[in-house]
Amino acid sequence: MPGALPVADPAPADGALPASVVEGVADRDLGVYLHVPFCRVRCGYCDFNTYTGDELRGARRDDYASQAVAEVAQAGRVLERAGLPPRRASTVFFGGGTPTMLPHTDLATMLHAVVDTWGLEAGAEVTTEANPDSVDAEYLRALAAAGFTRVSFGMQSAVPSVLATLERTHDPERIPLVVAWAREAGLDVSLDLIYGTPGETLDDWTRSLDVALAQEPDHLSAYALIVEDGTKLARQIRRGEVAQPDDDTAADMYELADARLAEAGYDWYEVSNWSRGVEHRSRHNLSYWTGQDWWGVGPGAHSHVGGVRWWNVKHPAAYAQRMTAGESPGAGRETLDDETRRVERVLLAVRTRDGLPTSDLDVTGRAAVAGLIADGWIDGRAALAGRVELTRTGRLMADAVVSRLLPA
């Protein structure tokens, strides 16, 4: 089961936001995240807030869309009562779980609720995640007709043995089919890959990169496998049934991916993300990394508006009870002080291509810059111009860079 929610202050029963959220609103975009917490099976490495059929207990998939619509309406009222001016949503993202386990009509209903409540900016990015075995050509055409502009497929690997270790259920031969169907529907395509799976070789990873690049996606994400406590994979490793992922092999895989993607015309813009040009970057994810406003809809979803962050109750049954009663689903929240916001800005911005101004660092962080240049982890010329920007080696060591810029 997914991990516990953070510990913080209780969220107000009516979801009301403090007047402080209005400050600086003109400089912030509004995004909407809709969490669909359902999966057909639970992958052994997954620690997301998702539920298979036998884990729902008191909740049903077939009435989930109406609950999400109720929260969207509630969100509109909360933002209006806080004195925030009307803003159209610049991005909408359906994640999970597997959003495409729901009928396309349900996703359309949820999207239309967002449009009815806030409207969409011209050229807004509207994305859904999808497993390759959860959609067909008709489903993707229906998404495009409903207003979706982009689909992110959880490819993970092109090698059956690697997919088996991850407990992914799709046939890798299906990847070219779903990409072609998405293209025919007029949708932009992103592919998600995972590297560093126990037993995965460099040859396996090369095969996955070959297949992914052959599809010519607009965007590609490559994430190092993280073994989360409490997952089936963690238990298998602890019992010696599966090998511990090797950090050196994972580093080699990252460098290989970055080189291959650059050769194919993809630019990195965040440590784990590449796109075919600025216009194909994930604008929704960028909103998280740059501290914009977003409302997260659904069980366990997190939101952030003007320095106030909160999260919903986790289980779909508890969420359904709140929404049926007309109550806020918020479980807890925190108001970030200026120093916390600065620290988070450094933590997130340093991972992006644009980096951050050295003026965002405190005295200790600025003193660490010379050593990071000497280690080859940040770009010396950028530092002379007053910016912290990672080199390729620095991207591999991003967590270590952050620990030196933001010592505990």
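See the structure above.
The numbers attached to residues start from 1 for each chain and follow its sequence in the written order. In keeping with the predicted nature of the model, local features appear solely for residues at pLDDT of at least 70, side-chain atom pairs appear and are counted solely at 80 or more, and the whole-chain, interface and lining totals rest on all residues. Each side-chain value is derived from all of the structure's non-hydrogen atoms; neither hydrogens nor water enter the calculation.

(A) Main features of the packing of helix α3 (residues 137-146) against helix α5 (residues 175-185). To obtain each axis, a line is fitted to C-alpha atoms, and for helices this fit is confined to the stretch in contact; angles are then taken between N-to-C directions over 0 to 180 degrees. Secondary structure follows DSSP: runs of H or I at least 4 residues long count as helices, runs of E at least 2 residues long count as strands, and numbering of each begins at the N terminus. Look at α3 against α5: their axes get within 9 Å of each other, and the N-to-C directions meet at 35°. In the crossing of α3 with α5, the sense of the turn from one axis to the other is right-handed. For the pair α3 and α5, contact is made by Ala137, Leu140, Arg141 and Ala144 and by Val178, Trp181, Ala182 and Ala185, respectively. Note on convention: near helix rotated counterclockwise from far helix by under a right angle means a left-handed crossing. Clockwise means right-handed. Here a residue-residue contact requires only that any non-hydrogen atoms of the pair lie within 4.5 Å.

(B) Focus on helix α8 (residues 247-263). With 17 residues, α8 should cover 24 Å at 1.5 Å per step; its first-to-last C-alpha distance of 24 Å lies within 8% of that length. Those residues of α8 that sit buried are Ala250, Met253, Tyr254, Ala257, Asp258 and Leu261. One side of α8 holds all its buried residues, which, seen down the axis, span an arc of 130°. Projecting away from the buried face of α8 at angles above 90 degrees are the exposed residues Asp248 and Glu263. Where α8 is buried, its residues contact β5 (188-195), α6 (202-214), β6 (219-224), β7 (267-270), β8 (273-275) and α14 (392-396). A side-chain oxygen of the first residue of α8 lies 3.3 Å from the backbone nitrogen of Asp248; this N-cap is Asp246. Immediately downstream of α8, the backbone of Gly265 shows phi near 95°, a positive value. What a helix is expected to span follows from its residue count: subtract one and scale by 1.5 Å. Residue exposure (1.4 Å probe, protein chains only): buried if accessible area is under 20% of the type maximum, exposed if over 50%, otherwise partly exposed. The directions from the helix axis to the C-beta atoms form the arc being described. Contacts described as polar in this section are N or O atom pairs within 3.5 Å, which, within protein, must combine one atom able to donate a hydrogen with one able to accept it, while residues neighboring in sequence count only if both atoms come from side chains.

(C) Quick look at the pattern of salt bridges. Salt bridges, as used here, are contacts in which a Lys or Arg side-chain nitrogen is within 4 Å of a carboxyl oxygen on Asp or Glu. Summed over all chains, the structure comprises 17 salt bridges. In this structure, Arg309 and Glu344 form a salt bridge, with 2.8 Å as the shortest nitrogen-oxygen distance. Taken together, the residues Arg309 in strand β11 (residues 308-312) and Glu344 in helix α11 (residues 338-349) connect sequence positions 35 residues apart. Of the residues examined, Glu344 reaches a relative accessible area of 22% and is grouped as partly exposed. Across the pair Arg342 and Asp362 runs a salt bridge whose closest N-O atoms are separated by 3.6 Å. With Arg342 in helix α11 and Asp362 in the loop between β13 (356-357) and α12 (363-374), this residue pair connects regions lying 20 residues apart in the sequence. What makes Arg342 buried here is its relative accessible area of 12%.

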